[in-house]
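Each chain, written out:
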Amino acid sequence: MTTLNTPIAAITAISTEAAPRRPHWIKRCRQNSILIGGGILLLMTLVALCAPLLSSYDPTLQNLDARYSLPFWMEGTDPAHLLGTDHLGRDYLSRLIYGARISLGIGFSVVLVAALIGTSLGLLAGYFGGKVDMLISFLITTRLSLPIVLVALAAVALRGASLTTLVTVLGLLVWDQFAIVARSGTLAIRHQEYIRAARATGASHLRIMLREILPNLRSTLIVIATLEMANVILLESALSFLGLGVRPPTPSWGLMIAEGRDSILFDAWLIALPGGMLCLLVLAVNLFGDGLRDLTGTEVKR
Amino acid sequence: MLRFLLRRLLVALLVALAVSSISFSLAYLSGDPAIAIAGSGGSAQDAELVRQLYGFDRPIFVQYADWIFQALQGNLGTSYYFSMPVSQIIGERIPVTLILGTASFAVALLVALPLGILAALKPNGLLDRIALLIAVSGQAVPSFWLGLILIVIFGVWLNLVPISGADSWSGFILPVVVLSYYALPALMRLMRASMIDVLQANYVRTARSKGLGMPTVILRHALRNAVLPLVSVAAVQLGILLSGSIVIESVFALNGLGRLAWESLLRSDLAVVQGIILILSLVYVMLTTLADLINAWLDPRIREA
């Protein structure tokens, strides 16, 4: 996806994308995409969690005597640095490992913030309808009209780049899909019998929204969260690449690509490695999300 | 239809107003815009001077009203870095972004539509799986990274294209390839899904049973309905391409709006950043409004609703 913001129509298209009749092997293929995507994702999460155990160097430790050491597949490499070192002599493998922490950490926390904002707004809009819905739909349209990369860059530049700012700014910008999905999901079920029954027993609006409606939206929201996480990881890497995201010397893959850019003519592997990791991670998250979507989609239909 | 038109335009106007107030208030994100402009090295006197020069000492609503009023007359303020009107600077840089955005959009559509249709004809066939592979990889590859890799391969190793700048048209080849690849997945997946839906409709079966050939049925009956949902997504994608080219412009050193915005941010030239955000948002609002109107014109069911 990674269209940085997916439009409303594309979301509705996602739900219609599941063709009604599918041969058996396709279903197996879907499960495979969950297994492969989930497997890679799990592996990367483990690597990120166990980063201090796996890496033999401090990712920010500079060693100017050992600059531009080559990775193992090239001639004249230093066995102490399996994937070589960068322009400041920092161990590249350690930086790549710690980079997984940044990508996954930011991806996860931003999605958490965005899901909280978006889902609350969507629930309110769908449940109360009328003027509340008009106002919140207006908020969604306004948010979609903003050029997200530019606004995020400006906000981070003006607020000063720290991880907290980055997560807050991105969280405040990517809640739209959660709101859209939660709103339409709530609209679809708000007149059902059990909602009215709950109302008749004297349940409060808040209780109905949280206990009766939210559980029904759970699977859709999880799918959106997965797909949005891929989005956020790419967004963070782009911001860091432009020098307005994660600050040096913190090892972010986007930042590493920016740092390797100066030596692109001679040492293309310096940008190939972090970029490859980004592709792998985003691909894994997307595969997992797509698989989940198809799986939950079919379950809903049955 | 008139009621629909008026209501849609009113919403567009309100959104434009909301967007303008957001880009205006961006200046206050740092706390005090005067200090942001004066820079970290500036003294309190510098900041005070900037405050008076730019009118930051007035009440905020007065500033906003003034800004909007001036913007309506095409005056977006003065860039402190260039000491030139912001609108003039933006006017100089906008052609590059427009060429890049529209060319990438055209390429993306030219590939996405046929591929999406062909993939829909035989779901899970060989072509469908190739299309899926293209879409999945297109969604996972960071565009700035793909740009750098292509520069290394085609610019440095093979020496086929210039590695930066847009002095000639060949400087646009790689950026257009990267940007269109970025817009491709969403368009193609939607085209495919929409075509699959339409092909199961009764009127397609009727057309087939009349003895019409598959190409006729697809081109004359199915396609017309299948492109309907594509209109709004295409508008959104074009808007994203125009505003999302910021990373690509900086990778390929193209002097467009995105690069201008980025450089202006780095030298805290706020008026330029605000102007660009406003312009890009307004273009987006216009594009999506236009798409809704086109949809209403194509599909009577929408305007009745």
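Since the model is a prediction, treat every value here as computed from it, not as a measurement.

A.B. asks: Explain the overall build of chain A to me, please; I cannot follow it from the model alone.
C.D. replies: Across its full length, chain A holds twelve helices and zero strands. Across chain A, helices and strands are ordered from the amino to the carboxyl terminus as α-α-α-α-α-α-α-α-α-α-α-α. Here chain A holds 302 residues, and 50% of them are scored as buried. Of all intrachain contacts in chain A linking residues separated by at least 6 positions in sequence, the fraction that spans at least 24 positions is 73%.

A.B. asks: I'm lost on the overall build of chain B in this one. Help?
C.D. replies: When its secondary structure is counted, chain B shows 15 helices and two strands. Its C-alpha atoms give chain B principal-axis dimensions of roughly 85 × 60 × 30 Å. Taken across its 305 residues, chain B has 43% of its residues classed as buried. When contacts within chain B are restricted to residue pairs at least 6 apart in sequence, those whose partners lie at least 24 apart make up 73%.

A.B. asks: Honestly, the interface of chain A and chain B in this entry has me stumped. Any pointers?
C.D. replies: Much of the literature gives interface size as the accessible area that the parts lose upon coming together. Counting from both sides, the interface comprises 48 residues of chain A and, opposite them, 51 residues of chain B. Those elements that provide at least two residues to the side of chain A that touches chain B are α1 (8-16), α5 (130-145), α6 (148-159), α10 (205-241) and α12 (269-301) of chain A. No other element matches the nine residues that α6(A) contributes to the side of chain A that touches chain B. Among the residues forming the side of chain A that touches chain B, the class breakdown is 34 nonpolar, eleven polar and three charged.

A.B. asks: Just checking my understanding: could you explain helix α5 (residues 86-121) of chain B for this structure?
C.D. replies: One turn of the α-helix equals 3.6 residues, which is why residues spaced by three or four share an orientation. Look at α5(B): 50 Å from first C-alpha to last across 36 residues, which is about the 52 Å you get at 1.5 Å a residue. Along its length, α5(B) shows its largest kink, about 40 degrees, at Arg93(B), and proline Pro95(B) lies within four residues downstream of that point.

A.B. asks: Explanation requested: unusual backbone geometry in the structure shown.
C.D. replies: Peptide bonds are trans in most cases, and residues, glycine excluded, mostly fall at negative phi. In this structure, Pro249(A) follows Pro248(A) across a cis peptide bond, with omega equal to 5 degrees. Looking at the secondary structure, you find Pro249(A) in the loop between α10 and α11 (253-260). Not every positive phi belongs to a glycine, and Asn124(B) is a case in point at roughly 70 degrees. With 15 C-beta atoms counted inside 10 Å, the residue Asn124(B) sits in the partly exposed group. Positive phi outside glycine occurs at Ala253(B), with the angle close to 55 degrees. Relative to the helices and strands, Ala253(B) resides in the loop between α12 (246-251) and α13 (257-266). The class of Ala253(B) is partly exposed, set by 14 C-beta atoms lying within 10 Å.

A.B. asks: Which parts of the structure should I look at to understand the confidence of the model for chain A?
C.D. replies: Interpretation of the predicted coordinates at a detailed level should be avoided for regions scoring low in pLDDT. Residue and element names in this part refer to chain A. Mean pLDDT over chain A stands at 82; residues scoring 70 or higher make up 87%. Model confidence for chain A, summarised as mean pLDDT per element, is weakest for α1 at 43 and strongest for helix α4 (residues 92-128) at 92. pLDDT under 50 marks residues 1-20. Its contacts with residues more than four places away, or in other chains, come to 56 contacts.

A.B. asks: So what exactly am I meant to see when it comes to the environment of Ala182(A) here?
C.D. replies: Residue and element names in this part refer to chain A. Within the element layout of this structure, Ala182 appears in helix α8 (residues 176-189). When the C-alpha atoms of Ala182 and Gly118 are compared, they prove to be 7.7 Å apart, with 64 residues separating the residues in sequence. Setting aside residues up to four positions removed in sequence, Ala182 forms contacts with Gly118, Thr119, Gly122, Leu123, Gly126, Leu217 and Leu221.

A.B. asks: What's the story with the packing of α5(B) against α13(B) in this structure? I'm lost.
C.D. replies: Packed helices, taken two at a time, are described by the angle their axes make and the gap between the axes. Residue and element names in this part refer to chain B. Their axes nearest at 7 Å, the elements α5 and α13 cross at an angle of 130 degrees. As summarised for this structure, α5 and α13 are arranged oblique, according to the angle between their axes. Residues Ile89, Ile90, Arg93, Ile94 and Thr97 of α5 touch α13, and the partners they reach there are Leu257, Gly258 and Leu260. Grouping the amino acids of the contact of α5 with α13 by side-chain chemistry returns five nonpolar, two polar and one charged.

A.B. asks: Would you mind going over the nonpolar core with me for this structure?
C.D. replies: Most often, soluble globular proteins keep nonpolar side chains buried together rather than apart. Membership of the largest hydrophobic core comes to 172 residues, with the highest contact counts inside it found for Leu150(A), Ala152(A), Leu153(A), Ala154(A), Leu170(A), Leu187(B) and Ile276(B). Excluding its chain neighbours within four sequence positions, the residues that come into contact with Leu187(B) are Ala108(B), Leu109(B), Ala112(B), Val233(B), Ala234(B) and Gln237(B).

A.B. asks: When you look at the environment of Leu287(B) in this model, what are you seeing that I'm missing?
C.D. replies: Residues and elements named next belong to chain B. Considering the arrangement of structural elements, one finds Leu287 in helix α14 (residues 270-298). Using a count of 20 C-beta atoms within 10 Å as the deciding quantity, one classes Leu287 as buried. In this structure Leu287 touches Ala235, Leu238 and Gly239, once residues within four positions along its chain are discounted.

A.B. asks: I would appreciate a short explanation of the confidence of the model for chain B in the present structure.
C.D. replies: All names here are of chain B. Confidence in the prediction of chain B, expressed as mean pLDDT, is 83, and 93% of residues score 70 or more. Helix α2 (residues 33-38) is the least confidently modelled element of chain B, averaging 68 in pLDDT, while α5 averages 90, the highest of any element. Across the whole predicted complex the pTM is 0.85, and at the interface the ipTM reaches 0.85.

A.B. asks: Please explain the packing of helix α6 (residues 126-140) of chain B against helix α8 (residues 173-199) of chain B as it appears in this structure.
C.D. replies: Residue and element names in this part refer to chain B. For the pair α6 and α8, the least separation of the axes is 8 Å and the interaxial angle reads 135 degrees. Overall, the two elements α6 and α8 adopt an arrangement that is oblique. Read as a crossing pair, α6 and α8 show a hand that is left-handed. Contacts between α6 and α8 involve Ala131, Ile134, Ala135, Gly138 and Gln139 on the former and, on the latter, Tyr181, Tyr182, Leu184, Pro185, Met188, Arg189 and Arg192. Per-class residue counts for the contact of α6 with α8 are eight nonpolar, two polar and two charged.

A.B. asks: How should I be thinking about the environment of Leu239(A) in this particular structure?
C.D. replies: Among the secondary structure elements, Leu239(A) is positioned in helix α10. Ignoring sequence-local partners within four residues, the contact set of Leu239(A) consists of Ala152(A), Leu153(A), Val156(A), Leu244(A) and Gly245(A).

Analysis parameters
Residues numbered from 1 in each chain as written. Chains lettered and ligands numbered in written order. Predicted model: local features only at pLDDT ≥ 70, side-chain atom pairs only at ≥ 80, totals over all residues. Helix = DSSP H or I, 4+ residues; strand = E, 2+ residues; numbered from the N terminus. Buried ≥ 20, exposed ≤ 12 C-beta atoms within 10 Å, placed from the backbone. Contact = placed C-beta atoms within 7 Å. Nonpolar A, V, L, I, M, F, W, Y, C, P; charged D, E, K, R; others polar. Expected span 1.5 Å × (residues − 1). Bend = angle between axes of the 7 residues up to and from the residue. pLDDT = per-residue confidence, 0-100. Axes fitted to C-alpha atoms, helices over the stretch in contact; angles between N-to-C directions. Parallel < 35°, antiparallel > 145°, perpendicular 65-115°, else oblique. Core = buried A, V, L, I, M, F, W, Y, C linked by C-beta atoms within 7 Å. Left-handed = near helix turned anticlockwise from the far one by under 90°.

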